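Structural features, examined
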Amino acid sequence: MLETFPGFIDLFIHLDKYLPAMVASYGNLIYGILFVIIFCETGLVVTPFLPGDSLLFISGTVAAVGGLNISILLVLITSAAIIGDNVNYFIGRFVGQKILELNLPMIKKEHLDKTHEYFEKYGPLTIIVARFAPFVRTFTPFIAGMGAMEYKKFLPYDICGGILWVCTFTLAGYFLGTIPVIKENMSLVALIIIVISLGAVGSILLEIIRFLKNCITCRRK
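A brief look at the structure comes next. Since the structure is predicted, the reported quantities are computational estimates derived from the model, not experimental observations.

1. Points about the packing of helix α4 (residues 53-64) against helix α8 (residues 151-176)
Between α4 and α8, whose axes approach to 6 Å, the crossing angle comes to 45 degrees. One way to sum up the angle between α4 and α8 is to call them oblique. In the crossing of α4 with α8, the sense of the turn from one axis to the other is right-handed. In this structure, α4 uses D53, L56, F57, G60, T61, A63 and A64 to contact α8, whose residues at the interface are W165, V166, F169, T170, A172, G173 and Y174. In terms of residue class, the contact of α4 with α8 is built from nine nonpolar, four polar and one charged.

Next comes the structure, spelled out in C-alpha cells:
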C-alpha cells in the first residue's frame, strides 16, 4: 500500500497531465476530483503547489472534445475557487487573533495593523489580480483574513476574481486547446500560462514584497 502512495501523490499534484486519461476511466467522478483540487489549491495555505491555471486550461480542452460538460465545469470550479478562498480567509482571521493572544515577541499587533492597512488600501485589486499568480493566490486570502480586511469588502471582489480566473483559463482551453499546435505542446503552453500570469501581476507582487520588507524593518526597530 505504501508503494502506491507516491504514485497517488504524483497523480494528485500533476492531474493536469493525466486528466484526459482519467476522464475516460472515472467519468463523472472527475468533477468531484477537480472540485477538491481547486478548493485545496485556493483554500489551504499548505497546498499552493497543486495545479491551478494549467488544470483549468486542460479541463477546458477536455470539455471541448466532449469529455466534460463545460457548463457544469465552469459552475463547479468557480464554486470551488470561491469557497476555498473564503475558507482560507476565515482561517487567516482566526489564526491572526490567536497569534495576538500568544503575545509572541517577534509578532506584534502593529504588524497585523500594517497588514490591515495594506488590504484596506490595495485589498480589492490584490484579491482580484492575485488569482492569476500561482502561490500568491493561495496566500492572499489567508493574509487578508489575518489582516482583518472587512469581509463585506473581501467577498464581492473575491467572487469577481474567482469568476474571472476560472472563465479566462477554462474558456481559453475550450476554444484554443484543440488547435493542433497547442494540443501537441501542452507542457510548453502550461509554462507560458504561468509566465503570463506572473507577468500580469508583477506590480502586485512588487507591492507585496515592498510591504513585507517594511514589516521586517518595523520588526527590527
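2. So, the side chain of T140
Tracing the chain through its elements places T140 in helix α7 (residues 136-146). T140 has contacts with F119, T126, I127 and A130, leaving out every residue within four places of it along the chain.

3. Considering the environment of G177
Structurally, G177 can be placed in the loop between α8 and α9 (180-183). G177 sits in the buried class, given a relative accessible area of 0%.

4. Some words on the packing of aromatic side chains
Counted according to the given criterion, the structure contains seven aromatic pairs. Members of the aromatic cluster, joined through ring pairs, are Y89, F90, Y151 and F154.

5. Side note on the packing of helix α3 (residues 29-43) against α4
Geometrically, a packed helix pair is captured by the angle between its two axes and the distance between the axes. Contact geometry for α3 and α4: axes closest at 11 Å, N-to-C directions at 160 degrees. When the axes of α3 and α4 are compared, the pair comes out roughly antiparallel. Crossing geometry of α3 relative to α4 is assigned as left-handed. Contacts between α3 and α4 involve L34, I37 and I38 from the former and L55, L56 and S59 from the latter.

Parameters at a glance
Residues numbered from 1 in each chain as written. Predicted model: local features only at pLDDT ≥ 70, side-chain atom pairs only at ≥ 80, totals over all residues. Heavy atoms only, no water. Axes fitted to C-alpha atoms, helices over the stretch in contact; angles between N-to-C directions. Helix = DSSP H or I, 4+ residues; strand = E, 2+ residues; numbered from the N terminus. Parallel < 35°, antiparallel > 145°, perpendicular 65-115°, else oblique. Left-handed = near helix turned anticlockwise from the far one by under 90°. Contact = heavy atoms within 4.5 Å. Nonpolar A, V, L, I, M, F, W, Y, C, P; charged D, E, K, R; others polar. Buried < 20%, exposed > 50% of the residue type's maximum accessible area, 1.4 Å probe, protein only. Phe/Tyr/Trp six-rings, centres within 6.5 Å; stacked < 30°, edge-to-face > 60°.

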